[in-house]
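Per-entry structural report
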Amino acid sequence: MLRREFLRLTGGTCLVHAGMVVAQTQPQPEEGLDTLARRTGRRFGFAVQPSHADKEPVRSLLQQHAGVITAELAMKWNIMSNLLGAPDYRAADQVGALASSLGAALRGHTLAWHQSTPAYLTNAAPEQFVTAQTAHLQALMQRFKGRIHTWDVLNEVIDAAAADHQGMRQSVLSRLWGTDRYPALFELARAADPSAKLAYNDYGMEQDEPWCEARRSVLLRMLEAWVKRGTPIDVMGLQAHLDLSRRFSAQKLLRFFNDLQAFGLSIQITELDVRDASNPGGVAARDEAVAALYKDFMDACLSHPAVEMVVMWNVTDGDSWINRWNQGQRRTDGLPQRPLLFDAQGLAKPAFHTVTASLGDATVKFDMKKASNG
Ligand code: G3I
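The structure reproduced in this document is the subject of the present report.

Each value, and the rule that gives it
- Residues numbered from 1 in each chain as written.
- Predicted model: local features only at pLDDT ≥ 70, side-chain atom pairs only at ≥ 80, totals over all residues.
- Heavy atoms only, no water.
- Axes fitted to C-alpha atoms, helices over the stretch in contact; angles between N-to-C directions.
- Helix = DSSP H or I, 4+ residues; strand = E, 2+ residues; numbered from the N terminus.
- Parallel < 35°, antiparallel > 145°, perpendicular 65-115°, else oblique.
- Left-handed = near helix turned anticlockwise from the far one by under 90°.
- Contact = heavy atoms within 4.5 Å.
- Buried < 20%, exposed > 50% of the residue type's maximum accessible area, 1.4 Å probe, protein only.
- Pairing = 2+ DSSP bridges.
- Right-handed = clockwise from strand over helix to strand, strands pointing away.
- Phe/Tyr/Trp six-rings, centres within 6.5 Å; stacked < 30°, edge-to-face > 60°.
- Near = heavy atom within 4 Å.
- Polar contact = N/O pair within 3.5 Å; in protein donor to acceptor, adjacent residues only side chain to side chain.
- Areas by Shrake-Rupley, 256 points an atom, 1.4 Å probe, with all protein chains shown as cover.

Further remarks concern the packing of helix 12 (residues 283-302) against helix 14 (residues 350-361). Following both chains from N to C, one finds helix 12 and helix 14 inclined at 20 degrees, their axes separated by 8 Å at the closest point. It follows that helix 12 is roughly parallel to helix 14 by the angle criterion. Two packed elements cross with a definite hand, and for helix 12 against helix 14 that hand is right-handed. From helix 12, Asp-287, Glu-288, Val-290, Ala-291, Tyr-294, Lys-295, Met-298, Asp-299 and Leu-302 reach across to helix 14, where they touch Pro-350, Ala-351, Thr-354, Val-355, Ser-358 and Leu-359.

Printed below as a string of structure tokens:
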């Protein structure tokens, strides 16, 4: 039996142990997650690093389930650029080639972000910065012209606590590019590749906490101003780094989606995962709690016609940024978090089954006309 056929029959959830392939015993759907998403006109995918994507179990899981690929790091400015010499596009090209080989849509992440601005520009003069940011945007978009489904043009410029600055984050970008000139990034991007959808991407707006509400308000005010001045933006990217310690309200999320839809934007879930640092239980209880939040979130998303795609931030718990990169969210028991659909061995977790069921049960189709005209 061909490996691909074996994966189809087992739902892609197999373990490779000492050269032996051991299928998981739980029944698996024959269709991968992207195939299920396509039934309602949507796409499903994953953020990856080339060094993970070409090793098992990630490689097989991508073959089975990926219809969208985002570069977790490889298309960030600071990763490809240094003061001397030409930008190094090798990792970005590898991610592009991976998406082509999978027949997956490629999301470009991200053209302007304070965290990925090269360190040598931190103390640049504003004119020098504007020249460098413009040249970077144009060169990267030119390299991938015609191959990108959606570009994250601008990432994470909101900081609701910055009351003196209308909720706009104070950063190297606000200081040297200027918050009032953020729409110009979208204009440059539209001109550089008219075939790519253009997104603003941000976090902390999906759950039912006062600080999320504050971030949603700032966002809606910002988008309203942008849309009024004719900014060429097509998509709101909601990162959806969810957390079990925060409340969730489908009703409030859907009201927020309506507000985004009223601006003519489609919605992409761009970096989905669920942190479980706050759950004191054993693995089974944690996995059930994580799966329940995935179900509530996915059911809400898939009931809205403006939601176009769902992208997970990494593939397995073993390659999740949450476990790889300590952001001060360690569990008190010292165990790794279990934020994704597959465990570190690539086995499907309860969250995989609830996401599969949500995709399989969805009836509301992604409808761009409804997303554009309400
Ligand atoms: O690879 C080096 C390693 O050699 C070194 O020892 C270590 C020391 O700190 O750093 C490692 O690089 C880290 C890299 O992740 C690889 O894990 C960088 O320090 C760290 O800054 C980098 O963080 C990434 C972060 O974006 C900044 O680019 C995360 O992996 C990545 O998941 C994260 O992704 C962001 C999205 O772009 C935007 N939304 C939030 C999301 C999560 O923070």
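The next thing to look at is the pairing of strand 11 (residues 307-312). With six of its six residues buried, strand 11 lies for the most part within the structure. Relative to strand 11, strand 3 (residues 43-48) is paired through four bridges, and the arrangement is parallel. When the sheet's bridge partners are listed, Arg-43 is paired in strand 11 with Met-309. Regarding topology, helix 12 serves as the crossover connection from strand 10 (residues 266-275) to the parallel strand 11, and that connection is right-handed.

The next point concerns the packing of aromatic side chains. A complete count under the given rule lists six aromatic pairs for this structure. Each ring, one from Trp-77 and one from Phe-129, has its centre 6.3 Å from the other, and the planes form 55 degrees; the classification is tilted. Here Trp-77 is found in helix 5 (residues 77-80), whereas its partner Phe-129 is found in helix 7 (residues 126-143), with 52 residues between them in sequence. Judged by relative accessible area, which is 4%, Trp-77 ranks as buried. An angle of 40 degrees between the planes, with centres 5.2 Å apart, marks the rings of Phe-342 and Phe-352 as tilted. Separated by ten residues along the polypeptide, Phe-342 in the loop between helix 13 (321-324) and helix 14 and Phe-352 in helix 14 bring together distant segments of the chain. Given a relative accessible area of 0%, Phe-342 falls into the buried group. Through pairs of rings, three or more aromatic residues link up here, namely Phe-186, Tyr-200 and Trp-226.

Let us look at the site of the ligand. Near the ligand there are 15 residues, and of these Glu-72, Lys-76, His-109, Glu-156 and Glu-271 occur at the shortest range. At a separation of 2.9 Å, a nitrogen atom of the ligand approaches a polar side-chain atom of Glu-156. Note that an oxygen atom of the ligand is positioned 3.1 Å from one of the side-chain N or O atoms of Arg-324. Surface burial for the ligand is 59%, taken as the share of its 780 Å² of free accessible area covered by protein chains. For the shell around the ligand, the elements supplying multiple residues, two or more each, are strand 5 (105-113) and helix 13.

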